[in-house]
Amino acid sequence: MPCVGDWLNSPLSIVQGIFAQNAPNSDWEKKVTEYFKEKLKENNATNWVPSLNDVPVHYLKPNSLVKFRCMVQDMFDPEFYMGVYETVDPNTNARVLHFGKYRDVAECGPQQEIDLNSPQTVTSERQTFYCVPVPGESAWVKEISFLTEPVQARVSPSTSYTPSRHKRSYEEDEDMDLHPSKQKEQHMGKSSGGDIHGCVEPKRLETEASAGHHVISPNCSPPLDLNFPLPGEKGPACLVKIYESWESFKVNDVLEVFGVLSVDPVLSIVNSEERDSSSLDPMECMDTVEEQRVHSPPASLVPRIHVILAQKLQHINPLLPACLNEEESKTCEFVSNFMSELSPVRAELLGFLTHALLGDSLAAEYLILHLISTVYGRRDVLPLGKFTVNLSGCPRSSAFTEHLYRLIQQLVPASYHLRMSIESMNHSRFIPHKDYTANRLVSGLLQLASNTSLVIDETQLEQGQLDTAGVHNVTALGNLITWQKVDYDFNYHRMEFPCNINVLITSEGRSLLPSDCQVHLQPQIIPPNMEEYMNSLLTAVLPSVLNKFRIYLSLLRLLDYSISDEVTKAVEEDFVEMRKNNPESVTADDLHKMLLVARFLSLSAGQTTLSRERWLRAKQLEALRKARLQQQQCVNGNEL
């Protein structure tokens, strides 16, 4: 058990110690990163770090080390800050060097002032990401992540917080450098003010706070839009300050960050003053009120995290090791142990999904292949590995899709149920767009993280007229399915954002949207009460078995796959043979689809190469699927 010491509760004191030993040498920054990296490797120490995903912000100690699992929703412009600055005591002329990294406000003693003209001052740059919890993250992911934390890591609420040092924002200091009159005003007759949280301070920020500018309440201004992509989402949005290698991250990446939590009330006070002053003198601040509101929200609502370590996540399944690419003994042992019991897990999952699909085992086979599919590469603009399934023949009256989605939600880490209707198409915002007034990317329903399962329900779609917005939304869905991309709207142009979204479409007839594979559902049972039937399926599955299903679906997505030259030649010969009798019966698209089915069929059995057996099984499945479609077409007398 790691000792929960200063590195967890007071990380800035650790940084201060390293800075004091190594400054002004720039190596101190690298040593800070290495120190925390080593600490977090010890005995699963990452589990000891409180998570903003699990613990409300007001329960966490300010300036403590926290972690946050999130998606990058937007990237703000880089900002400059004082990486190193010097304070001076006017009475004794004593000088002290301070670090500004991992902080929002500059710190100095009660009798000290910041020397803005000091040659020791170092101006640095950092990038701010606006991050939100992973859209559509399943409840079981949150629950398991929370339960893996030791009890000691679940902190108690803090009833009060008293700043022990006197602070002011870096932005204010730099503004004073540009406007010396402000610096003069700070030392004028404002020192007779009161206190903030019981801390007497003759400085500008604290004095004006006592005059009525306390932490901004949400009730005092219009509610802040946290810009979540999906409706009904909960959890904190954070301004994540990145100091190193920010160019390696991009919008929609899923990250886990470890950093210093900043919820200082001074931030809200400064932001309020900036808004007030900008309304009096527009020349003092070029930002609009809307931009200030978005980029500098109250820290109590949108906390700041100053990142010490950040990593891009391959997946968000807490039942798997965070990084499966590493050749660590524990990771290899986990994978090998699970692969040894893969066959019974697949059989149980197939049985579970067969019951969920009302006894249709063929549809269950294809649903497994769909759930483990992923875009593994791109050839020009063509995404390789996408496998959108259209499950047609779904019953409309029993809310079948709703209950099927709830089962899928229990299996995958992130998902969303899109109910397709004329009203939702015409009035929902699917495509993210740039708001130039507030200088932010306004999110849309299709701003999703990689490997999110999107279930589109067409069974409730009725006749009606799509307006312009509706047509754009349907087009966006088509582009997502066909090209695995979303064209974000930047007013004057559109920008392509590649994605990796698993799309399952349920419909009565053939879907209006494109798909890679249509499977017509043939129910073997019609339960009198669909809700009771589906709920009984979940309650009948042991939690340990359900967890195996979750590991199975996440792990197989991450496996590499290849086809040997020998098998490639055999497949080519087989394709030529199939076309001999009837060239029109098997096209190049059919071959591509069979290879795709063979790929995921092999992976579903834990095989990373294609065998002759799996190729024949893929051909068999495709023949059964096509025969079913032709049979249904003959029954209905029209095309499905």
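Reference entry: report on the structure contained in this document. In this text, all values refer to a predicted model and were calculated from it rather than measured experimentally.

Procedures and definitions
- Residues numbered from 1 in each chain as written.
- Predicted model: local features only at pLDDT ≥ 70, side-chain atom pairs only at ≥ 80, totals over all residues.
- Heavy atoms only, no water.
- Salt bridge = Lys/Arg side-chain N within 4 Å of Asp/Glu carboxyl O.
- Helix = DSSP H or I, 4+ residues; strand = E, 2+ residues; numbered from the N terminus.
- Buried < 20%, exposed > 50% of the residue type's maximum accessible area, 1.4 Å probe, protein only.
- Expected span 1.5 Å × (residues − 1).
- Arc of directions from axis to C-beta.
- Pairing = 2+ DSSP bridges.
- Axes fitted to C-alpha atoms, helices over the stretch in contact; angles between N-to-C directions.
- Contact = heavy atoms within 4.5 Å.
- Polar contact = N/O pair within 3.5 Å; in protein donor to acceptor, adjacent residues only side chain to side chain.
- Parallel < 35°, antiparallel > 145°, perpendicular 65-115°, else oblique.
- Nonpolar A, V, L, I, M, F, W, Y, C, P; charged D, E, K, R; others polar.

**As for the pattern of salt bridges**
Should their charged atoms come close, side chains of opposite charge can pair.
Then, in step 1: Following the criterion strictly, the structure yields 29 salt bridges and no others.
Then, in step 2: Two residues, Lys 312 and Asp 253, come together in a salt bridge whose shortest N-O distance is 3.4 Å. One end of the pair, Lys 312, is in strand E12 (residues 304-312); the other, Asp 253, is in the loop between strand E10 (238-242) and strand E11 (254-262), with 59 residues separating them in the sequence.
Then, in step 3: Exposure remark for Lys 312: the relative accessible area of 42% places this residue in the partly exposed category.

**Examining helix H3 (residues 27-41)**
Residues spaced three or four apart along an α-helix point in a common direction, a consequence of the helix completing one turn every 3.6 residues.
Then, in step 1: Here H3 contains 15 residues, and its C-alpha end-to-end distance of 22 Å stays within 8% of the 21 Å for a straight helix at 1.5 Å per residue.
Then, in step 2: All of the buried residues in H3 are Trp 28, Val 32, Thr 33, Phe 36 and Leu 40. Buried residues of H3 fall within an arc of 145° about the axis and therefore sit on the same side. What points out from H3, more than 90 degrees from its buried face, is the exposed set Lys 30 and Lys 41.

**Considering helix H13 (residues 400-409)**
Then, in step 1: Most of H13 is tucked away: eight of the ten residues are buried.
Then, in step 2: Every buried residue belonging to H13 is among Phe 400, Thr 401, Glu 402, His 403, Leu 404, Tyr 405, Leu 407 and Ile 408, and all of these are buried.

**Quick word on the sheet that holds strand E19 (residues 453-457)**
In sheet architecture, strand pairing relies on hydrogen bonds along the backbone and comes in two forms, parallel and antiparallel.
Then, in step 1: The five strands are arranged E16-E19-E22-E15-E23 in an open sheet whose pairing can be described as parallel. The sheet is open, and its two borders are formed by strand E16 (415-419) and strand E23 (517-520), each paired with just one other strand. When strand polarity is set aside, the average angle formed by the axes of neighbouring strands in this sheet is 20°.
Then, in step 2: Note: E19 against strand E22 (residues 502-506), five bridges, orientation parallel. Considered in E22, the bridge of Asp 457 is made with Thr 506.
Then, in step 3: The strands touched by helix H12 (residues 361-371) within the sheet are strand E15 (389-392), E19, E22 and E23, with E22 carrying the most contacts at an inclination of about 150°.

**Considerations on the environment of Asn 63**
Then, in step 1: Secondary-structure assignment places Asn 63 in the loop between H3 and strand E1 (65-75).
Then, in step 2: Spatially, the C-alpha atoms of Asn 63 and Asp 264 are 8.8 Å apart, while their sequence positions differ by 201 residues.

**Quick word on the environment of Arg 440**
Then, in step 1: Mapped onto the elements, Arg 440 comes out in strand E18 (residues 440-442).
Then, in step 2: For Arg 440, a relative accessible area of 12% puts it in the buried group.
Then, in step 3: Distance from Arg 440 to Glu 291, taken between C-alpha atoms, is 7.8 Å for residues 149 residues apart in sequence.
Then, in step 4: Leave out the neighbours within four places in its chain, and Arg 440 touches Asp 74, Asp 225, Asn 227, Val 294, His 433, Lys 434 and Asp 435.
Then, in step 5: Within the structure, Arg 440 has its side chain in polar contact with the side chain of Asp 225 (distance 3.3 Å).

**Some remarks on the packing of H12 against helix H19 (residues 588-604)**
Then, in step 1: Direction vectors running N to C along H12 and H19 enclose 85°, while the axes themselves pass 9 Å from each other. Taken together, H12 and H19 sit at an angle that is classed as roughly perpendicular. Mapping the contact onto sequence places Glu 365, Tyr 366, Ile 368 and Leu 369 in H12 and Val 597, Phe 600, Leu 601 and Ser 604 in H19.
Then, in step 2: Its residues assigned to classes, the contact of H12 with H19 comprises six nonpolar, one polar and one charged.

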